Amino acid sequence: KNQVEQSPQSLIILEGKNCTLQCNYTVSPFSNLRWYKQDTGRGPVSLTIMTFSENTKSNGRYTATLDADTKQSSLHITASQLSDSASYICVVRDGYTGGFKTIFGAGTRLFVKA
Amino acid sequence: DTGVSQNPRHKITKRGQNVTFRCDPISEHNRLYWYRQTLGQGPEFLTYFQNEAQLEKSRLLSDRFSAERPKGSFSTLEIQRTEQGDSAMYLCASSLDRLGNSPLHFGNGTRLTVT
């Protein structure tokens, strides 16, 4: 069964600190993996996309990594800000169905405290 | 604002009533998706349109749920005879997916509360 598991479920850090969120997936065949940020009461917004051949990609203070062999991805947030408080959702797209079928993780809820 | 628009933002209804939600996608996007999200969970896929054709429906979409996209533009999601278990955030997303790598663009959802 295609699954996406995220850890930790929630995380509290102090403003200015770094953190790393984890995503493990069993989706096969694999097309791509995205990290989305979802603020409370809003829809998710795409942060990064990783394809099979990529193993790291940065978007400002966000850096995503992908190990396609172990089927793991991480999202590293550097110098956290209060506005980083949100849910971060890992989403994997399968390679069978013309790429429309996406499997969502449950998300990691990040709280950044002053 | 050219993002995905959903209306209403909030809906409170009594059990047994029917409700309808509307989604206006980004205008040039050919794909439109409906998801349901409950607290602490990621979005769960409900259904998907390519232009006006509904190509996939999840088993989550019971016969009380129906979705339309009549002219390949806006879409509606109707829930008949609502139950308390239908309380959730209903998210709409759209994409222009020629290469398979386009992101989903989400609206801010309709939060449904069934009392």
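Here we summarise the structure given alongside this text. (Residues numbered from 1 in each chain as written. Chains lettered and ligands numbered in written order. Predicted model: local features only at pLDDT ≥ 70, side-chain atom pairs only at ≥ 80, totals over all residues. Heavy atoms only, no water.)

It is worth spelling out the pattern of salt bridges at this point. Residues and elements named next belong to chain B. Under the criterion given, the structure shown has 6 salt bridges over all chains. With a shortest N-O distance of 3.4 Å, E83 and R64 are connected by a salt bridge. One end of the pair, E83, is in the loop between β8 (75-79) and β9 (88-95); the other, R64, is in the loop between β6 (53-57) and β7 (65-68), with 19 residues separating them in the sequence. For D86, the salt bridge is made with R64, and the minimal N-O distance between the two is 2.8 Å. One end of the pair, D86, is in the loop between β8 and β9; the other, R64, is in the loop between β6 and β7, and 22 residues separate them in sequence. By relative accessible area, which is 3% here, D86 ends up buried. According to the relative accessible area criterion, R64 is buried, its value standing at 9%. Among the ionic contacts, a cluster of salt bridges with common partners joins R64, E83 and D86. (Salt bridge = Lys/Arg side-chain N within 4 Å of Asp/Glu carboxyl O. Helix = DSSP H or I, 4+ residues; strand = E, 2+ residues; numbered from the N terminus. Buried < 20%, exposed > 50% of the residue type's maximum accessible area, 1.4 Å probe, protein only.)

We now examine the sheet that holds β8 of chain B. All names here are of chain B. Strand order in the open sheet made by the 4 strands is β1-β3-β8-β7, with antiparallel pairing throughout. Each end of this open sheet is capped by a strand with a single partner; those strands are β1 (5-7) and β7. Within the sheet, the average angular offset between the axes of one strand and its neighbour, ignoring direction, is 15°. In the sheet, β7 pairs with β8 via 4 bridges, with the strands oriented antiparallel. Along β8, the bridge assignment pairs F65 with I79. (Pairing = 2+ DSSP bridges. Axes fitted to C-alpha atoms, helices over the stretch in contact; angles between N-to-C directions.)

Here we come to the packing of aromatic side chains. If you walk through the whole model with that rule in mind, you get 10 aromatic pairs over all chains. Ring centres 6.3 Å apart and planes at 25° place the aromatic pair Y33 of chain B and Y35 of chain B in the stacked group. Taking the relative accessible area as the measure of exposure, Y33 of chain B reaches 0% and is therefore buried. Site record: aromatic cluster; members linked through ring pairs are Y36 and F104 of chain A together with Y33, Y35, F45, Y48 and F106 of chain B. When the ring centre of F111 of chain A is taken as origin, the NZ or CZ atom of R109 of chain A, which lies over that ring, is 4.8 Å away. (Phe/Tyr/Trp six-rings, centres within 6.5 Å; stacked < 30°, edge-to-face > 60°. Lys NZ or Arg CZ within 6 Å of the ring centre and 35° of its normal.)

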